[in-house]
Amino acid sequence: MTAGWPTADPDPVRRLHALAAGVRNAHVTEGVVDAPIDVVWPLVADLEGEFGKIVTDMARVRVISRDGDRVEASAHSRFGPRARFSGVLRPGWCWLQSRFLLVGIAAADRGDGRTTVAFTGGLRLPGRAALVPVGVRSEGRRNLARLAARSQAHTAAER
């Protein structure tokens, strides 16, 4: 790196906003979950279990392979179609895309026992950095509500 050049290290939620800004028709739904990140993030990262209970468009997800933070997975939609995803899954960050779908989720610790979470995604237009803007906002809100409810249930179960 060249000395004197500015650097930035945004948290995962800000990074998700930056990536989504480069995808036409992408919308980021952001909210605060009243649970610590060490409760929230394992739910999202459990691709073969909890993930499908949060992002219910993905009825079943099966991890095909992992190499560090790179992941390959297949998913069955609740509407029937299947997709093969590739992407990155690391603490606070999930970016998965197939030929026709994109799912991005990010989380950042607020420092007060709560977690900021952001969702983006939708149907991709093949060959273009664009999404079909149908139902993205409402699905993002529902995903956030389901994650908050599941986080609260896990927090209550730990007590």
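Quantities reported herein were computed from a predicted structural model and do not represent experimental measurements.

S.K.: Would you explain the overall build of the protein chain in this entry?
M.R.: When its secondary structure is counted, the protein chain shows four helices and eight strands. For the protein chain, the succession of helices and strands along the chain, N to C, is α-β-α-α-β-β-β-β-β-β-β-α. The C-alpha atoms of the protein chain give 16 Å as radius of gyration, which agrees with the globular expectation for 159 residues (15 Å, within 12%). Judged by the C-alpha coordinates and their principal axes, the protein chain covers about 50 × 50 × 30 Å. Considering only contacts within the protein chain whose residues lie at least 6 apart along the sequence, 51% involve residues at least 24 apart. Accessible area of the protein chain: about 8900 Å², with a carbon and sulfur share of 52%. Each charge class in the protein chain was averaged separately, 23 positive and 16 negative side chains, and the resulting centres sit 10 Å apart.

S.K.: Explain the pairing of strand β1 (residues 29-33) to me, please; I cannot follow it from the model alone.
M.R.: Side-chain alternation along β1 places Thr29, Gly31 and Val33 on a buried face and Glu30 and Val32 on a face that remains uncovered. Summarising the sheet, β1 and strand β7 (residues 115-124) pair through five bridges and their orientation is antiparallel. Bridged to Val32 within β7 is Thr116.

S.K.: Any chance you could explain the pattern of salt bridges here in plain terms?
M.R.: Opposite charge on two side chains lets them pair, provided their charged atoms get close. Tallied over the entire structure, the rule returns nine salt bridges. Taking the shortest distance from any N to any O, the salt bridge between Lys53 and Glu50 comes out at 4.0 Å. Overall, the relative accessible area of 44% leaves Lys53 in the partly exposed class. Across the pair Arg114 and Asp112 runs a salt bridge whose closest N-O atoms are separated by 3.0 Å. Residue Arg114 is classed as partly exposed on the basis of its relative accessible area, which comes to 28%. The class of Asp112 is partly exposed, set by a relative accessible area of 42%. Within the structure, one salt-bridge network assembled from shared partners comprises Glu50, Lys53 and Arg150.

S.K.: Sorry if this is basic, but what is going on with the packing of helix α2 (residues 37-45) against helix α4 (residues 136-158) here?
M.R.: Relative placement of two packed helices is described by the angle separating their axes and the distance separating the axes. Where α2 contacts α4, the two axes come as close as 9 Å, and the packing angle between them is 120°. Comparing their axes, α4 and α2 come out oblique. In this structure, α2 crosses over α4, and the sense of that crossing is right-handed. For the pair formed by α2 and α4, the contact residues are Val39, Val40, Leu43 and Val44 on the first element and Leu147, Arg150, Ser151, His154, Thr155 and Glu158 on the second.

S.K.: I tried to follow the pairing of strand β2 (residues 58-67) on my own but got confused; where do I start?
M.R.: Look at any regular strand and the pattern is simple: side chains alternate between the two faces of the sheet. Looking at chain direction, β2 and strand β3 (residues 70-77) are connected through eight bridges and run antiparallel. Bridging from a neighbouring strand, Asp67 pairs with Arg70 of β3. Counted along the chain from β2 to the antiparallel partner β3, the turn is two residues long, and its residue Gly68 has a positive phi close to 65°.

S.K.: Explain unusual backbone geometry to me, please; I cannot follow it from the model alone.
M.R.: Outside of glycine, negative phi angles account for most residues, and trans bonds account for most peptide bonds. Of note, the phi angle at Asn25 is positive, near 70°, even though the residue is not glycine. Here Asn25 shows up in the loop between α1 (12-21) and β1. Exposure remark for Asn25: the relative accessible area of 38% places this residue in the partly exposed category.

S.K.: In this structure, what is going on with the nonpolar core? I would like to understand it.
M.R.: Side chains of a nonpolar character, in soluble globular proteins, are inclined to be buried together. Core analysis: the largest hydrophobic core is formed by 29 residues, its most contacted members being Leu47, Phe51, Met58, Ile105, Val117, Phe119 and Leu147. For Leu147, the residues in contact, after removing those within four places along its chain, are Val33, Val40, Leu43, Val44, Ile54, Val117 and Phe119. Core analysis: the next-biggest nonpolar cluster, separate from the first, contains 13 residues, Leu16, Ala20, Leu102 and Ala108 among them.

S.K.: Before we go on, may I ask you to explain α4 in this structure?
M.R.: Residues spaced three or four apart along an α-helix face the same direction, because each turn holds 3.6 residues. Helix length check: α4, at 23 residues, gives a terminal C-alpha distance of 33 Å against a target of 33 Å (1.5 Å per residue), a fit within 8%. Check the buried side of α4 and you find it contacts β1, α2, α3 (51-54), β7 and β8 (131-132).

S.K.: Before we go on, may I ask you to explain the packing of aromatic side chains in this structure?
M.R.: Scanning the entire structure with this criterion turns up one aromatic pair. Here Trp93 and Trp95 contribute two aromatic rings whose centre-to-centre distance is 6.1 Å and whose plane-to-plane angle is 5°, an arrangement assigned as stacked. Trp93 sits in the buried class, given a relative accessible area of 5%. The cationic tip of Arg15 hangs over the ring face of Trp93; the distance from NZ or CZ to the ring centre is 5.2 Å.

Scoring rules and cut-offs
- Residues numbered from 1 in each chain as written.
- Predicted model: local features only at pLDDT ≥ 70, side-chain atom pairs only at ≥ 80, totals over all residues.
- Heavy atoms only, no water.
- Helix = DSSP H or I, 4+ residues; strand = E, 2+ residues; numbered from the N terminus.
- Rg over C-alpha atoms; globule rule 2.2 N^0.38 Å.
- Contact = heavy atoms within 4.5 Å.
- Areas by Shrake-Rupley, 256 points an atom, 1.4 Å probe, with all protein chains shown as cover.
- Lys, Arg positive; Asp, Glu negative; His and termini not counted.
- Charge placed at Lys NZ, Arg CZ, Asp CG, Glu CD.
- Buried < 20%, exposed > 50% of the residue type's maximum accessible area, 1.4 Å probe, protein only.
- Pairing = 2+ DSSP bridges.
- Salt bridge = Lys/Arg side-chain N within 4 Å of Asp/Glu carboxyl O.
- Axes fitted to C-alpha atoms, helices over the stretch in contact; angles between N-to-C directions.
- Parallel < 35°, antiparallel > 145°, perpendicular 65-115°, else oblique.
- Left-handed = near helix turned anticlockwise from the far one by under 90°.
- Core = buried A, V, L, I, M, F, W, Y, C linked by side-chain atoms within 4.5 Å.
- Expected span 1.5 Å × (residues − 1).
- Phe/Tyr/Trp six-rings, centres within 6.5 Å; stacked < 30°, edge-to-face > 60°.
- Lys NZ or Arg CZ within 6 Å of the ring centre and 35° of its normal.

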